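# Summary of the model geometry
These are the residues of each chain, in order.
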Amino acid sequence: MTKHDLEAGGPRADRPKRRHFSAEYKLRIVAEYDAAPPGEKGAILRREGLYDSSIQLWRRQRDEGALKGVSGEKRVASGEMARQRAKEKAEREKLERENARLKKKLAQTEAALEIMGKWHALLETMSESADSDNS
């Protein structure tokens, strides 16, 4: 550490502080941004000192329910959300396996029906041939 660092309050003294935003603020800004005409969206970002990536993140958080807790809604804990996502993933995988199994069974059934149709046509041909030989 240099003398300058000590006088300036340490090596990170000139770094900006990380800002934290409430869920209510995020919801309000996302709603305002989404309602703004295309030419005015940048003005909102400049006025608030935000980036478009923040709006995208907050919109995704809103859609996933992470910004609940405003207006009386129950906020879901992140661990609970992770368990819910894991449960949904397991259910989706189970349904995908079931879908694959049913597709395979359908293909087998269609192949069997095609074989039976050809067998039926062969029997009809043989029957007609036998009838014409007997006449």
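Residues numbered from 1 in each chain as written. Predicted model: local features only at pLDDT ≥ 70, side-chain atom pairs only at ≥ 80, totals over all residues. Heavy atoms only, no water.

## A word on the overall build of the protein
A tally of helices and strands in the protein yields 5 helices and 0 strands. For the protein, the α and β elements follow one another from N to C terminus as α-α-α-α-α. A fraction of 48% describes how many contacts in the protein between residues 6 or more apart in sequence connect residues 24 or more apart. Carbon and sulfur atoms make up 54% of the accessible area of the protein, which amounts to about 11,400 Å² in all. (Helix = DSSP H or I, 4+ residues; strand = E, 2+ residues; numbered from the N terminus. Contact = heavy atoms within 4.5 Å. Areas by Shrake-Rupley, 256 points an atom, 1.4 Å probe, with all protein chains shown as cover.)

## Thoughts on the nonpolar core
One broad rule of soluble globular proteins: the nonpolar side chains tend to lie buried together. Residues Tyr25, Ile29, Val30, Tyr33, Leu45, Leu50, Ile55 and Trp58 constitute the largest nonpolar core, which totals 8 residues. For this core, the secondary-structure elements that each account for two or more residues are α2 (23-35) and α4 (52-64). Broken down by element, the residue count for this core peaks at 4 residues, all from α2. (Core = buried A, V, L, I, M, F, W, Y, C linked by side-chain atoms within 4.5 Å. Buried < 20%, exposed > 50% of the residue type's maximum accessible area, 1.4 Å probe, protein only.)

## Some words on a negative patch on the surface
A cluster of acidic residues, Glu124, Glu128, Asp131 and Asp133, forms a negative patch at the surface. Topologically, Asp131 is positioned in helix α5 (residues 78-134). Judged by relative accessible area, Asp131 falls into the partly exposed class, the value being 47%. (Patch = residues over 30% accessible without salt bridge, like charges linked within 9 Å, V, L, I, M, F, W, Y side chains within 5 Å. Salt bridge = Lys/Arg side-chain N within 4 Å of Asp/Glu carboxyl O. Lys, Arg positive; Asp, Glu negative; His and termini not counted. Charge placed at Lys NZ, Arg CZ, Asp CG, Glu CD.)

## A closer look at the packing of aromatic side chains
Tallied over the full model, the rule gives 3 aromatic pairs. Centre to centre, the rings of Phe21 and Trp58 are 5.2 Å apart; their planes meet at 65 degrees, and the pair counts as edge-to-face. In this pair, Phe21 is assigned in the loop between α1 (3-7) and α2 and Trp58 in helix α4, connecting sequence segments 37 residues apart. Among the residues examined, Trp58 registers a relative accessible area of 4% and is labelled buried. Measuring from ring centre to ring centre gives 6.1 Å for Tyr25 and Trp58, while their planes differ by 75 degrees; the resulting arrangement is edge-to-face. Taken together, the residues span a long stretch of sequence, with Tyr25 in helix α2 and Trp58 in helix α4 at a distance of 33 residues. Residue classification places Tyr25 among the buried positions, given a relative accessible area of 15%. A cation over an aromatic ring shows up here: Lys41 above the ring of Tyr33, its NZ or CZ 4.7 Å from the ring centre. (Phe/Tyr/Trp six-rings, centres within 6.5 Å; stacked < 30°, edge-to-face > 60°. Lys NZ or Arg CZ within 6 Å of the ring centre and 35° of its normal.)

## Comments concerning the packing of α2 against helix α3 (residues 41-48)
The contact between α2 and α3 brings their axes to 9 Å, and the two run at 150 degrees. Our classification of the angle between α2 and α3 gives roughly antiparallel. Between α2 and α3, the residues in contact are Tyr25, Ile29, Glu32, Tyr33 and Asp34 and Lys41, Ile44, Leu45, Arg47 and Glu48, respectively. Residues that form the contact of α2 with α3 fall into these classes: 5 nonpolar, no polar and 5 charged. (Axes fitted to C-alpha atoms, helices over the stretch in contact; angles between N-to-C directions. Parallel < 35°, antiparallel > 145°, perpendicular 65-115°, else oblique. Nonpolar A, V, L, I, M, F, W, Y, C, P; charged D, E, K, R; others polar.)

## Concerning the confidence of the model for the protein
On average, residues of the protein carry a pLDDT of 84, and 83% of them reach 70 or more. No element of the protein has a lower mean pLDDT than α1, which averages 52, and none a higher one than α3, which averages 93. (pLDDT = per-residue confidence, 0-100.)

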